[in-house]
Structures are given as C-alpha cells and as structure tokens.
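Residues per chain, in single letters:
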Amino acid sequence: MTSTWLITGATSGFGRMVAERALAGDAHVIAVGRRGDRLAELADHAPQGRVTTIRLDITEPAAEQVIADAVRTAGGLDVLVNNAGYGLFGSVEQIDADQARALFDTNVLANFAVLRATLPALRASRGRVVQISSVNGQCAWASSGLYSASKAAVDLAGEALARELAPTGVRVSIVEPGIFATEFATSLHVVLPDDVYAPTVGKFLADFSALPPSAYGNAEKVADAIMTVATMEEPPLRLAVGADAVERIRESLRARLAELERWESFSTGPVGRTV
C-alpha cells in the first residue's frame, strides 16, 4: 500500500533529498516549499501522480489550513518530515527584534502550525513525525544563541509531543544534524558583530567561514538517517547525525552534568529549597 509523506522545505537540502528517496520507495509525497521552480522540477522527475506540490510560505496565516486541506485531499498521512527552517547567526544583543521574530516565526511557530495541521491524520494512521532540529538544539556557540534557542524549542516540544502521543501509536523522532554540505551552510543569515563581540562572535564566524570542504559531512547521510527513523518500528526519540554532532552534544551533556554535580549541594541545601 502506498504511503503518504508530507515534507516541508522540500525544494532544497535535506527536504529535497528525502522527497526523492520517498518517491523512489513508491510513496506519494506532498512537497511544501517556497520556490515554485524547484517544486516543478521535483514533479517533472517524479512518477505520474505521485507528487502534490504546494508553493507556500509556512509562516503565512493560511498555511495551517492549506496543509490540512492537502492532507485531507490526499486521503490521509503516514509520515511528516517537519524540516523547513533557516539559520541566523550573530550576537544575542545585536540581532534585532524583527530578525528574531522572523526566525522564530519560521523555525518554531510555523513548525507547530504544521503539526496542528497534520496530527489528526497521523493519529488515524498511527504514523510518524520526524522533527528536524540541529546539533544547535543541544548546544550553543558564540553567534548561535537565537538559532540554538529556536532549535531547542523544536527539540523539547518534540520530546513532549512524543510523550503526549505515545498512547496513540504515533512515533516522534528528533533528528539533530551537525555541519553538512547543503545550501543551509552557504546561505546563513549573519549579523556581523561590532567591536564588543569581535573576540567571540567575530572569531567564531571567521573560523566557521574558513572551514575546509572536508569539515562538511555528506548530506546524503542525513537524508538516509531521516528515511531510517521514519520507517523503523521503534525509532529513537533523538538521533544525532555526524561525528561532529555526536561529539559536541556529548561535550555539552558532560559539561552540564559536571556543573549539576558541582552545585548539587548548594541547589538542594537550605538556599536551594527556598527558591
């Protein structure tokens, strides 16, 4: 029986690769993206009738209803790959309110709107949700504060969602890629630092821009990982992809645990109990 997948951000990067893989596996794909030319290209190379393209900015007020209608027209949904998002790097202080709001509108609020539009159908099919987060959903670098916050929101909301949906049979996985060679890495929105943040934010951005091609993983690995967790009987809640992601997340968790243990007596003593 043909399964139905809905993929946001399906015009490039991980979303496009997953769409192509799902089509190769005989799925029907509802491909959502902002670029009509790339959606048309995807449809042109797909088997007849197996792609439904939706040119849509998922931050639009009508996006939730548009996606819900598409799922209804398709007759249901088996897999959601909630992938759309973008990167914004710069100091927490110097990213202005409009830039921060736009980032969270796309990476967080639109992500939740897609969930609201699709979860009724996914419950009916006991389907799968794949939330695309990032290594930065588990740790932050100088310059990644706002982006990390947006991906941490996706990560923790996904953890709660997995608990909430467990009795329904819907399985939720959060994929956390490291640094991979996609358009994301070459199209970051960057707010350049002033002199105050040059030693921290400026240095990080300079070091990041100087990374050699060998530092970027093969994006096909992430697409393969998404396909795997979307079809496993008992998928992991979180899956870090890439050696850099595994190591950075491990370092972050170790540092948090060490700090927790260092301050445990203070936190659980008389002062801690009164807070």
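All of these numbers come straight from a predicted model, not from anything done at the bench. (Residues numbered from 1 in each chain as written. Predicted model: local features only at pLDDT ≥ 70, side-chain atom pairs only at ≥ 80, totals over all residues. Heavy atoms only, no water.)

Novice: Provide a residue-level description of the packing of helix α3 (residues 63–74) against helix α4 (residues 97–125), including the pertinent values.
Specialist: A pair of packed helices is characterised by two quantities: the angle between their axes and the separation of those axes. The interhelical angle for the contact between α3 and α4, taken along N-to-C directions, is 25 degrees, at an axis separation of 8 Å. Relative to α4, the element α3 lies roughly parallel. When you trace α3 past α4, the crossing you get is right-handed. Taken together, the residues of α4 that come into contact with α3 (itself represented by E64, I67, A68 and V71) are A113, V114, R116, A117, T118 and A121. Here the residues of the contact of α3 with α4 sort into 7 nonpolar, 1 polar and 2 charged. (Axes fitted to C-alpha atoms, helices over the stretch in contact; angles between N-to-C directions. Helix = DSSP H or I, 4+ residues; strand = E, 2+ residues; numbered from the N terminus. Parallel < 35°, antiparallel > 145°, perpendicular 65-115°, else oblique. Left-handed = near helix turned anticlockwise from the far one by under 90°. Contact = heavy atoms within 4.5 Å. Nonpolar A, V, L, I, M, F, W, Y, C, P; charged D, E, K, R; others polar.)

Novice: Can you explain the layout of surface pockets? Please cite residues and give values.
Specialist: Estimated volume of the second largest pocket: approximately 150 Å³. With 4 residues, the single largest contributor to the lining of the second largest pocket is helix α7 (residues 198–209). Residue composition of the lining of the second largest pocket, grouped by class: 9 nonpolar, 2 polar and no charged. (1 Å grid on protein atoms, 1.4 Å probe; cavity = no way out; pocket = protein on both sides within 12 Å on 5 of 7 lines; lining within 4 Å. Points joined across faces, edges and corners; volume = space filled by probe spheres on them.)

Novice: An account of the packing of aromatic side chains is requested, with residue identities and associated values reported.
Specialist: A complete count under the given rule lists 9 aromatic pairs for this structure. Ring centres of F14 and F180 lie 6.3 Å apart, and the angle between their planes is 75 degrees; this geometry places the pair in the edge-to-face category. Taken as a pair, F14 in helix α1 (residues 13–24) and F180 in the loop between β7 (171–177) and α6 (183–186) lie far apart in primary sequence, 166 residues in all. Side by side, F14 and F180 carry an identical accessibility label, which is buried. Arranged with centres 6.4 Å apart and planes meeting at 40 degrees, the rings of F89 and F204 form a pair that is tilted. With F89 in strand β5 (residues 88–89) and F204 in helix α7, this pair connects stretches of sequence that are 115 residues apart. (Phe/Tyr/Trp six-rings, centres within 6.5 Å; stacked < 30°, edge-to-face > 60°. Buried < 20%, exposed > 50% of the residue type's maximum accessible area, 1.4 Å probe, protein only.)

Novice: Report on the sheet that holds β7, specifying residues and quantitative values.
Specialist: Taken in spatial order, the 7 strands of this open sheet run β3-β2-β1-β4-β6-β7-β9, and their pairing is parallel. Looking at which strands have only one partner, the edges of the open sheet turn out to be β3 (51–55) and β9 (238–241). Adjacent strand axes in the sheet meet at a mean angle of 15 degrees when their direction is disregarded. The strands that helix α2 (residues 36–44) touches are β2 (28–33) and β3; relative to β3, the one it contacts most, it runs at about 180 degrees. (Pairing = 2+ DSSP bridges.)

Novice: Account for the side chain of N82, with residues named and values stated.
Specialist: Inspection of the secondary structure puts N82 in strand β4 (residues 79–82). Within polar-contact distance, the side chain of N82 engages the backbone oxygen of N111 at 3.0 Å. Discounting residues that sit within four places of it in the chain, N82 has contacts with T8, N111, V114, L115, V130, Q131 and I132. (Polar contact = N/O pair within 3.5 Å; in protein donor to acceptor, adjacent residues only side chain to side chain.)

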